[in-house]
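Topology and contacts: notes
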Amino acid sequence: MTANTAPDLLDFAPLGAGHFARIEDKVAALMRTRQTVVAMQGEALLPLEACIRSAVRPGSTALNIITGPYGETFGGWLRSCGAEVVTVSAPFSGAVTAEQVAEALRAHPAIDFVSLVHAEAATGNTNPVAEIAAVVREHGALLMLDAVASIAAEPLLTDDWGVDLCVIGGQKAMAGPAGVSVVSVSARAWERIAANEQAPRRSYLSLLDWKERWIDGGRAALPHAPAQLEMLALEQAADRIAADGLDSVIARHRAASAATRAGVRALGALAPYVVRDEDAAPAATTLRAPDGVDARDIVAAALAADASVPVQAAAGTLATEMIRVNHYGLDADREVVLGSLAALAEGLRALGVPVADEDGALAAAGKAWDAVISG
């Protein structure tokens, strides 16, 4: 795209405080929360780190639940805040259970903060937040939830579940921008943050700065120049979801996940990386490569067959064994799923890996899609 054909992204009228606040309210509705929300001007790692550094005191005890790489990141932040960190882990091929969390809370009654990832797009699993949140609430700890890969892909009931700090980003199932993110903060989380002498102040990480300069002033004056293009894109993403209907958007993501898993099983050469269907995240389906075959080679061959499909290799230590089929936003589509399966089948054949039944795989995928959409 040249400068002459690019859309006009310059010379917008300034984004005022009222418009900024309306965008926050639209996203809060998708999060199913009436709590305070703040649209922070950066990728979702910004409010995630801000939540931990704001709410966790030196000498406190935190429970960190790890089912993927983001949970591992949270543990490092918690320790750097001076907290004793108790860890509950599950294999990346599954999910953690509420009973595991309850056991950890019973064994460590001093725990006053719990960090949890709802869905890990990187590993394709999702955790039973409603059940875990109930256990955490009964214990009395604050719950921080990373819902970046779950918002608009599966139910997110921030208030009903009792989530104290909930962070979302727009770049996955919302099909929006990555440069802004939103955090909801409960009243008791604000109390905890205000009482923490180590909470960031006069800092890009400061939630208290946002509260005092934005929220407490009735959201009448922005504390700084906003990331205007990203905020407008976030609003468009929220508006499109509202127009389509949140339940319909969630159903499409669930259908994409179910169809991909059904189709892969029929192909024979690949297998779902997340073993149980109920533990699979609707935003992305991860697949296990055949023994002796590098997942990166399969992805490259699949993309050579069809460069448009949302197929990629995993990152880090999983790169050689895991393939990811993304269902973000408009890619949660029946034809996109079928195209991804066909490209994977072609890629496998190009590498000399036998495929059991491509036609059967496409038929199984279509049947699974229709079953979810029809209810």
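Description of the structure in this document. Since the model is a prediction, treat every value here as computed from it, not as a measurement.

Notes on the nonpolar core
One recurring pattern in soluble globular proteins: nonpolar side chains tend to sit buried together. Among the nonpolar cores identified, the biggest contains 98 residues, and Ile52, Leu63, Phe113, Val114, Leu156, Ile168 and Met174 are the most heavily contacted of them. Examining the composition of this core, we find that 8 residues originate from one element, helix 1 (residues 17-31), more than from any other. Beyond its immediate sequence surroundings of up to four residues, phenylalanine 113 is in contact with Ile52, Ala55, Val56, Thr61, Ala62, Leu63, Leu78, Ala141, Leu142, Met144 and Leu165. The next biggest cluster of nonpolar side chains, apart from the first, holds 31 residues, and it includes Ala255, Leu270, Val325 and Leu338.

Quick notes on the packing of helix 1 against helix 9 (residues 228-244)
Interhelical geometry of helix 1 versus helix 9 gives an angle of 40° and a closest axis separation of 10 Å. It follows that helix 1 is oblique to helix 9 by the angle criterion. Handedness of the crossing formed by helix 1 with helix 9: left-handed. Of the residues in helix 9, those in contact with His19, Phe20, Ile23, Lys26, Val27 and Leu30 of helix 1 are Met231, Leu232, Leu234, Glu235, Ala238, Asp239 and Ile241.

Thoughts on the state of the cysteines
Summed over the entire model, instances satisfying the criterion amount to 0 disulfides. With no disulfide of its own, cysteine 81 lies closest to cysteine 51 among cysteine sulfurs, the gap being 11 Å.

Some thoughts on the side chain of arginine 261
Considering the arrangement of structural elements, one finds arginine 261 in helix 10 (residues 246-267). Exposure remark for arginine 261: the relative accessible area of 4% places this residue in the buried category. Here valine 274 takes part through its backbone oxygen, which lies 2.8 Å from a polar atom of the side chain of arginine 261. Apart from the residues lying within four places of it in its own chain, the contact partners of arginine 261 are Pro272, Val274, Val275, Arg276, Asp277, Ala280 and Thr285.

Quick notes on the packing of helix 11 (residues 295-305) against helix 12 (residues 334-350)
Contact geometry for helix 11 and helix 12: axes closest at 7 Å, N-to-C directions at 115°. In the crossing of helix 11 with helix 12, the sense of the turn from one axis to the other is right-handed. Contact residues: Ile298, Ala301, Ala302 and Ala305 in helix 11; Ala343, Leu344, Glu346, Gly347 and Leu348 in helix 12. Among the residues making up the contact of helix 11 with helix 12, the classes are represented as 7 nonpolar, 1 polar and 1 charged.

Focus: helix 9
Residues three or four positions apart in an α-helix share a direction because the helix packs 3.6 residues into each turn. The first and last C-alpha atoms of helix 9 sit 24 Å apart over 17 residues, in line with the 24 Å expected at 1.5 Å per residue. Those residues of helix 9 that fall on the buried side of the exposure criterion are Gln228, Met231, Leu232, Leu234, Glu235, Ala237, Ala238 and Ile241. Where helix 9 is buried, its residues contact helix 1, strand 1 (36-40), strand 9 (181-185) and helix 10. Backbone geometry just after helix 9 places glycine 245 at a positive phi near 95°.

Points about empty space enclosed by the protein
Applying the stated criterion to the full structure yields 2 cavities of 30 Å³ or more. When its volume is computed, the largest cavity comes out at roughly 90 Å³. Lining the largest cavity are 14 residues, with Tyr70, Asp146, Val148, Ala149 and Lys172 sitting closest to its centre. If you list the elements that add at least two residues to the lining of the largest cavity, you get helix 2 (45-55) and strand 5 (119-120). Its residues assigned to classes, the lining of the largest cavity comprises 9 nonpolar, 1 polar and 4 charged. Its volume calculated, the second largest cavity comes out at about 30 Å³. Forming the walls of the second largest cavity are Leu30, Ile151, Ala152, Glu154, Pro155, Leu156, Leu246 and Ile250. Residues that form the lining of the second largest cavity fall into these classes: 7 nonpolar, no polar and 1 charged.

Basis of the calculations
- Residues numbered from 1 in each chain as written.
- Predicted model: local features only at pLDDT ≥ 70, side-chain atom pairs only at ≥ 80, totals over all residues.
- Heavy atoms only, no water.
- Core = buried A, V, L, I, M, F, W, Y, C linked by side-chain atoms within 4.5 Å.
- Buried < 20%, exposed > 50% of the residue type's maximum accessible area, 1.4 Å probe, protein only.
- Helix = DSSP H or I, 4+ residues; strand = E, 2+ residues; numbered from the N terminus.
- Contact = heavy atoms within 4.5 Å.
- Axes fitted to C-alpha atoms, helices over the stretch in contact; angles between N-to-C directions.
- Parallel < 35°, antiparallel > 145°, perpendicular 65-115°, else oblique.
- Left-handed = near helix turned anticlockwise from the far one by under 90°.
- Disulfide = S-S within 2.5 Å.
- Polar contact = N/O pair within 3.5 Å; in protein donor to acceptor, adjacent residues only side chain to side chain.
- Nonpolar A, V, L, I, M, F, W, Y, C, P; charged D, E, K, R; others polar.
- Expected span 1.5 Å × (residues − 1).
- 1 Å grid on protein atoms, 1.4 Å probe; cavity = no way out; pocket = protein on both sides within 12 Å on 5 of 7 lines; lining within 4 Å.
- Points joined across faces, edges and corners; volume = space filled by probe spheres on them.

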